[in-house]
Every structure is written in structure tokens, then in C-alpha cells.
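Observations on the three-dimensional arrangement
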Amino acid sequence: MKVTTRSATLDDVRRTTLELILSQHPCECLVCHRRVRCGPDDICLRQVQVTDRCVTCPSADICELQEVVDYIGVENLNVCASPVPRDVDTSNPFFDLDRNRCILCARCVRTCTEVTGIQAISLANRGFDMKVATFQDADLMDSICKSCGECVVRCPVGALTPKETARPEREVRTTCTYCGVGCSMYLGVKDGRITGVRGDREGGANHGRLCVKGRYGIAEFVNHEDRLRKPLIRKDGVLVEVGWDEALDYVAANLKKYSGDELAFISSAKATNEDNYVMQKLARGVMGTNNIDHCARL
Ligand code: SF4
Ligand code: SF4
Ligand code: SF4
């Protein structure tokens with residue numbers, strides 16, 4: 001069998017399909033979260049006026065619809081007709097679903113069904129009325145959606161986009177601290193604050209996937225002003241900030257006073273598997289007690 005992926009005839013068929021998709025797609029690339037990539041000679045391929053913002057376009061090259069326009073080429077440059085207005089669902093605290101930008105590729109539906117197994121969304125209705133919808137057309141927040149964001153990651157256009165839009169200055173690879181699965185992730189950092197999280201495809205535990213806690217729950221508590229950044233020791237009834245050396249000496253000196261069944265250790269589901277292993281070694285091997293438990297059992 002010989003498979004042909006590119007020919008003039010195939011590109012003609014694709015071009016017609018592409019122009020039909022574009023005819024129902026709003027010409028607002030410069031305000032879309034997956035902004036347009038500029039064409040040759042700085043000509044915006046979507047015929048949106050080129051402005052100063054194009055020069056610093058922060059999200060260049062991430063709209064796959066733009067990539068296809070580049071690849072196939074569009075002959076009818078007046079393809080942006082007058083799309084039928086569609087519902088926008090902003091009910092989810094972490095991401096929006098703007099059906100105006102949706103190209104009905106069904107990647108989100110397949111992701112929710114085949115990757116996460118949740119089946120919160122489907123393609124409802126047919127023809128011009130077709131749209132991504134939940135059961136009984138409820139808002140995402142009133143559906144069984146778990147807010148994992150896996151569909152957002154895979155949406156090729158600006159239909160499913162995170163509410164947080166700041167572009168990170170750099171990324172830091174780390175391990176999620178929320179549970180013992182130990183998903184590998186990249187934290188996007190700007191001005192010393194976490195602006196976003198993406199899964200690490202090389203991560204052995206998660207292969208790029210994250211749950212709602214890892215994807216959307218990290219920035220809030222790490223950036224929170226109430227977060228403890230130094231150890232505290234209660235002195236004369238008042239909690240006082242101390243250095244790590246003083247805190248560790250204090251804990252070691254006090255632990256030394258007890259042994260065996262005078263002690264009980266509670267480990268944490270927010271620690272890694274390895275940390276939990278070390279904790280039970282400390283309890284059994286060092287402190288001589290089998291009183292070791294883990295909060296996940298609760
Ligand atoms: S966020 Fe997760 S659960 Fe919700 S629709 Fe997307 S893939 Fe499904
Ligand atoms: S992945 Fe994006 S473009 Fe595709 S159907 Fe879902 S919302 Fe629409
Ligand atoms: S909380 Fe979620 S993202 Fe974090 S390690 Fe556990 S499963 Fe992975």
C-alpha cells in the first residue's frame with residue numbers, strides 16, 4: 001500500500017475544508033489567547049490589522065489553525081464571513097470554553113473520554129448547531145467535569161484557554177507536592193511568582209498528564225502571602241520564626257526524650273513515596289516504634 005499525504009488534489013480538498021472552518025471562525029487573532037503567528041513580511045495571515053502588539057506577540061506559533069493555514073495556504077482571503085455567535089462558558093474557575101473559536105475537532109471530547117475516562121463533554125446537535133456541550137447543556141461547573149485541564153492542553157485553537165494568561169519568563173522542572181503519585185511538571189515563573197503549570201511528557205509517573213490539583217492548585221498556595229516560609233518554634237507561648245538549623249536541633253533534642261510506644265508518626269500524602277519510605281525508616285529503625293501511619297488512610 002502506498003499512502004499519499006500531500007498532493008495538489010489533496011491540498012485542494014483540504015483548502016476547501018479549511019476555508020469552511022475559517023468562515024465560521026472569528027477574525028480576532030490578536031486578542032485570542034493563542035495569538036496569530038505573523039506571515040511573511042509581517043502580513044497577518046488572518047487579515048487582522050498588524051499593530052505594535054504583533055512584534056511582541058507572546059504566544060506565537062501555538063495556534064494549530066494558523067499552522068494549517070500556513071501549510072495549506074488560503075486562496076480566498078475573504079473567508080472570515082460573519083460567524084454565528086456561540087455561547088461562552090466561563091463558569092470554570094481555571095479555564096474558559098469559547099465556542100466561537102471552536103473548530104469542532106473533537107479533541108477535547110476524545111481526551112475527556114479516552115484519556116481521562118470522565119466523559120464530561122460531547123459534541124451535541126448536528127450541522128450549524130453542533131457544539132461542545134455537557135450533559136443537558138449545563139455549565140461546566142455544574143457538570144461532572146473534574147477541571148483537570150487535559151482538554152485545555154489539547155485544544156488546537158483558542159476555544160479552551162486557561163484564565164491565567166501571563167507568559168512565564170522561565171520554567172522550573174519539579175515534582176508535584178500534592179500527592180504521592182509524584183507527577184513531573186514544569187512551573188512557569190514570572191517575577192518570582194508561579195504563573196502556570198504544564199505536565200512533563202518525560203515524567204515516568206504521568207507522561208505529561210496532571211490532575212486539577214497539580215495543574216491549577218499549585219500557584220495559589222505557593223504564591224499565597226500566608227504561606228509559611230520559615231520554621232516556627234513556640235517560645236513563651238508565641239510562635240517565633242527561626243532558621244532551619246535551630247528548628248532541626250530543637251526537634252532532634254525533643255525526639256531524643258522519647259522512644260518506642262511513647263511515639264507515633266503520621267506521614268503525609270503530600271510527600272513523595274520516597275519521603276514516606278524514609279519516614280517509616282525513622283519511626284521503625286531509629287525511634288523503635290511501629291506506630292507509623294499515613295493521612296491517606298483517612
Ligand atoms: S477539564 Fe478534564 S474533566 Fe473537564 S472536560 Fe476537560 S478533560 Fe474533561
Ligand atoms: S478541542 Fe477545542 S476546537 Fe476542538 S472541539 Fe474541543 S473546544 Fe473545539
Ligand atoms: S496531585 Fe495530581 S498532579 Fe499532583 S502528583 Fe497527585 S495526581 Fe499528580
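In the block above lies the structure referred to throughout.
Below is a short write-up of the structure. (Residues numbered from 1 in each chain as written. Chains lettered and ligands numbered in written order. Predicted model: local features only at pLDDT ≥ 70, side-chain atom pairs only at ≥ 80, totals over all residues. Heavy atoms only, no water.)

Topic: the overall build of the protein chain
- Regarding its fold elements, the protein chain presents nine helices and 12 strands.
- The burial tally for the protein chain puts 34% of its 298 residues in the buried class.
- Put simply, 57% of the contacts in the protein chain that link residues at least 6 apart link residues at least 24 apart.
- Total accessible area on the protein chain is roughly 18800 Å²; 53% of this is exposed by carbon and sulfur atoms. (Helix = DSSP H or I, 4+ residues; strand = E, 2+ residues; numbered from the N terminus. Buried < 20%, exposed > 50% of the residue type's maximum accessible area, 1.4 Å probe, protein only. Contact = heavy atoms within 4.5 Å. Areas by Shrake-Rupley, 256 points an atom, 1.4 Å probe, with all protein chains shown as cover.)

Concerning the site of ligand 1
- In the vicinity of ligand 1, the residues found are F95, C112, I118, I121, C145, K146, S147, C148, G149 and C151.
- Placement of ligand 1 is best described as lying within the largest cavity. (Near = heavy atom within 4 Å. 1 Å grid on protein atoms, 1.4 Å probe; cavity = no way out; pocket = protein on both sides within 12 Å on 5 of 7 lines; lining within 4 Å. Sits in = over half its atoms within 2 Å of the grid points.)

Section: the sheet that holds strand β2 (residues 95-98)
- One open sheet accounts for three strands, arranged β1-β2-β5; its pairing is antiparallel. Edge positions in the sheet fall to β1 (88-89) and β5 (160-162), since each of these pairs with one other strand and no more.
- Here β1 pairs with β2 via two bridges, running antiparallel. Among the inter-strand pairings, V88 is bridged to a residue of β2, identified as D98. (Pairing = 2+ DSSP bridges.)

Topic: the environment of V31
- With respect to the element layout, V31 can be found in the loop between α1 (8-23) and α2 (52-55).
- The partly exposed category is assigned to V31, whose relative accessible area is 47%.
- Taking the C-alpha atoms as reference points, V31 and G158, 127 residues apart in sequence, are found 9.9 Å from one another.

A closer look at the pairing of strand β10 (residues 238-241)
- Of the strand pairs in this sheet, strand β9 (residues 232-235) and β10 are connected by four bridges, and their pairing is antiparallel. By the bridge assignment for β10, I233 is matched with V240.

Things to note about the sheet that holds strand β7 (residues 184-190)
- One open sheet accounts for three strands, arranged β6-β7-β8; its pairing is antiparallel. Strands at the two margins of the open sheet, each flanked by one partner only, are β6 (170-175) and β8 (193-199). Direction aside, the axes of adjacent strands within the sheet are offset by 30 degrees on average.
- Strand direction decides the pairing type here: β7 and β8, joined by six bridges, are antiparallel. The residue bridging K190 from the neighbouring strand is R193, located in β8. (Axes fitted to C-alpha atoms, helices over the stretch in contact; angles between N-to-C directions.)

Regarding empty space enclosed by the protein
- According to the stated counting rule, one finds four cavities of 30 Å³ or more in the structure shown.
- There is about 140 Å³ of room inside the largest cavity.
- In this structure, the largest cavity is lined by 18 residues; those nearest its centre are F95, C112, I121, C145 and C151.
- Elements with a minimum of two residues in the lining of the largest cavity: β2, α4 (107-115) and α5 (150-154).
- Within the lining of the largest cavity, the residues separate by chemical class into 12 nonpolar, four polar and two charged. (Points joined across faces, edges and corners; volume = space filled by probe spheres on them. Nonpolar A, V, L, I, M, F, W, Y, C, P; charged D, E, K, R; others polar.)

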